[in-house]
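Summary of structural features
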Amino acid sequence: MQPLPYFQFRDFPAGLEAQVQQALAEAVAAKQYVLGPQVQAFEGEFARFIGAGSAVGVGNGYDALVIALKALGIGPGDEVVLPVHTFIATVNAVLQVGAKPVLAEPDRYTYNLTADTAARHLSPRTKAVLPVHLYGQVCEMDELLQVAQLQGIKVLEDVAQAHGATYKSRLAGSFGDAAAFSFYPTKNLGAVGDAGAVVSSDASVAAFARKYRNYGEAQKYRSEQVGVNSRLDELQAAVLRVKLPHLQALNTERQRLAHVYLQELQQTGDIILPVSVPGCGHVYHIFNIRTRHRDALQVYLQEQGIGAAVHYPVPVHQQPAYTFLGYKASDFPVAEELANTSLSLPLFPGLTELEQERVLEAVKRFCRKR
Ligand SMILES: *Cc1c(COP(=O)(O)O)cnc(C)c1O
């Protein structure tokens, strides 16, 4: 039987691949390779789509986080509260600007940072809270924004997994003082290489990011501030412009596939299905199930030629490189349980009915044998 990978790029909606190739060919022919018209147009289109004042294209999602933190004035001596259950980039970005990452437990059901868990870690040095809309579900933002407002601290959203997800009919990335997006190829809105964006309705944040990503220059050879090179590539911008109008359709397809899994896997073995909170839109960047038999299930699926992934097998505080943060193994029981029980099933636009059926049958067969 054909192997079914955890993720595969498919031509969905049909014809999109050809459109991408044409846009690339046109951008090459236009010969304006750096900070050209495609970047400028994409920035405008993306800001309008999110419903924010500005979008500034940068090199990748990690740089978007770093640049946004710097734009918000966060640096040495400051603390940033963020979830321990996230991709390592979120933590890294805080360290990169010299601030201290303060880790907080995720919610047991949504796997997201909540106002409750964040509030337990506030101190007089807290300068920002950094919610991650994990797996594609938006955090409960009203409560988080309220905590931040009461404390007078900034909110930076990590939207790397939630492009197009809504919370009470507003889009993720429009709530915080700034938002960081990744357009890594496998994200819900993906380029054909590395790409990212800082989004903000605060004109000073956008202005800082715009200069910082290009050596601090406001005009050529006039550095108004220290900066780096983290420009969004012109060719990637051309691709993103083609894909942005299809984001809704791509997300709707993810949601359709997720609902099939949710329907079919009810009461299957000890499987815990993802929970979505009313109002917190979910665009299923990752379809995560939980089971005590995670490792065995992953091996079983592998034997059937089905790829499944673990997000994330080692919580941040347990990573060898991050022991210096000083956390103990037992500090985050929820995060550890998630690390030990989570399994992500194949879910990507273009996954066929037969393929999804094959995954479902294999999972059900595994559970019957237990
Ligand atoms: C992908 C991702 C990032 C980093 O994005 P890159 O473009 O790979 O640098 C940051 N945060 C989260 C939650 C991610 O999933």
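Residues numbered from 1 in each chain as written. Predicted model: local features only at pLDDT ≥ 70, side-chain atom pairs only at ≥ 80, totals over all residues. Heavy atoms only, no water.

Remarks on the UniProt feature "active site" (unreviewed entry) in the chain
Here is the rule we go by: UniProt positions are given in the numbering used here, feature names are shortened, and annotations may be inferred rather than shown by experiment. Each helix corresponds to a stretch of at least 4 residues labelled H or I by DSSP, and each strand to a stretch of at least 2 residues labelled E; elements are numbered beginning at the N terminus. Here, two residues are considered to be in contact whenever any of their heavy atoms come within 4.5 Å of each other.
Following the UniProt record, one finds the feature "active site" (unreviewed entry) at Lys 187. Of note, Lys 187 is situated in the loop between strand 8 (178–182) and strand 9 (196–200). Excluding anything up to four places from it in sequence, Lys 187 contacts Ala 160, His 163, Ser 182, Arg 254 and His 285.

Brief notes about a nonpolar patch on the surface
As a reminder of what qualifies: Patches here: salt-bridge-free residues with over 30% relative accessible area, like charges joined within 9 Å, nonpolar side chains (Val, Leu, Ile, Met, Phe, Trp, Tyr) joined within 5 Å. Residue exposure ignores everything except the shown protein chains as possible cover, and the areas themselves are Shrake-Rupley values with a 1.4 Å probe. Throughout this description, the term salt bridge denotes a Lys or Arg side-chain nitrogen within 4 Å of a carboxyl oxygen of Asp or Glu.
There is a patch of nonpolar side chains on the surface, built from Val 28, Tyr 33, Val 34 and Leu 35 and spanning about 330 Å² of accessible area. If you trace the backbone, Tyr 33 turns up in the loop between helix 1 (16–30) and helix 2 (37–50).

Section: the packing of helix 2 against helix 8 (residues 234–243)
This is how it is decided: To define axes, lines are fitted to C-alpha atoms, for helices over the stretch in contact only, and angles between the resulting N-to-C directions are given on a 0 to 180 degree scale. Angular relationships are summarised with four words: roughly parallel below 35 degrees, roughly antiparallel beyond 145, roughly perpendicular across 65 to 115, and oblique for the angles in between. By definition, turning the near helix anticlockwise from the far helix through less than a right angle yields a left-handed crossing, and turning it clockwise yields a right-handed one. In this classification, Asp, Glu, Lys and Arg are treated as charged, Ala, Val, Leu, Ile, Met, Phe, Trp, Tyr, Cys and Pro as nonpolar, and every other residue, Gly included, as polar.
Remark: helix 2 packs on helix 8, axes separated minimally by 8 Å, with the N-to-C direction vectors making an angle of 40°. Between helix 2 and helix 8, the angle is such that the two are oblique. Judged by the sense of rotation from one axis to the other, the crossing of helix 2 with helix 8 is left-handed. For the pair helix 2 and helix 8, the contacting residues are Pro 37, Gln 38, Val 39, Ala 41, Phe 42 and Glu 45 in the first and Glu 234, Ala 237, Ala 238, Leu 240 and Arg 241 in the second. A class-by-class count of the residues in the contact of helix 2 with helix 8 yields seven nonpolar, one polar and three charged.

Some details on the domain arrangement of the chain
This is how the line gets drawn: An automatic or database domain assignment supplies the start and end points of every domain. Note on terms: buried area is the combined drop in 1.4 Å-probe accessible area of two parts once they are placed together, counting the loss on both.
The domain architecture assigned to the chain consists of domain 1 (16–244) and domain 2 (246–368). Each of domain 1 and domain 2 has a C-alpha centre, and the two are 25 Å apart. Facing 44 residues of domain 1, the contacting portion of domain 2 comprises 35 residues. When the buried surface of domain 1 facing domain 2 is broken down by residue, Tyr 111, Tyr 135 and Asn 188 rank first, second and third, together holding 21% of it.

Some thoughts on the site of the ligand
Using the following cut-off: For this purpose, a residue is taken to be near a molecule or strand whenever a single non-hydrogen atom of the residue falls within 4 Å of it. Each polar contact in these results corresponds to two N or O atoms within 3.5 Å; when the atoms are within protein, one needs to be able to donate a hydrogen and the other to accept it, and residues that are neighboring in sequence are counted only if both atoms are side-chain atoms.
Taken together, 14 residues sit near the ligand, with Gly 61, Asp 158, Gln 161, Ser 182 and Lys 187 positioned nearest. A distance of 2.9 Å separates an oxygen atom of the ligand from a polar atom in the backbone of Tyr 62. Take Gln 161: an N or O atom from its side chain is 2.9 Å from an oxygen atom of the ligand. When the free accessible area of the ligand is taken as 380 Å², the share hidden by the protein chains comes to 90%. Contributions of two or more residues to the shell around the ligand are made by helix 3 (61–71) and helix 4 (88–96). Taken together, the residues that form the shell around the ligand break down as six nonpolar, six polar and two charged.

A closer look at helix 7 (residues 203–212)
For clarity, the threshold we go by: Type-normalised accessible area, obtained with a 1.4 Å probe on protein chains alone, sets the label of each residue: buried when under 20%, exposed when over 50%, and partly exposed for intermediate values. Along the arc lie the directions from the helix axis toward the C-beta atoms.
Considered for burial, the residues of helix 7 that qualify are Val 205, Ala 206, Ala 209 and Tyr 212. The buried residues of helix 7 occupy an angular sector of 135° when the element is viewed end-on, so they sit on one face. Counted as exposed and oriented over 90 degrees from the buried face of helix 7: Ala 203 and Ser 204. Close packing links the buried residues of helix 7 with strand 1 (54–58), helix 3, strand 8 and strand 9.

Things to note about the sheet that holds strand 9
Put simply, the rule is: Here, a strand pair is defined by DSSP locating no fewer than two bridges between the strands.
On the basis of which strands lie adjacent, the open sheet formed by seven strands has the order 1-9-8-5-4-2-3 and mixed pairing. Only two strands of the sheet have a single neighbouring strand rather than two, namely strand 1 and strand 3 (100–104). Strand-to-strand twist across the sheet, computed as the mean angle between neighbouring axes with direction ignored, equals 25°. Bridge count for strand 5 (residues 154–158) against strand 8 is three bridges, and the pairing is parallel.

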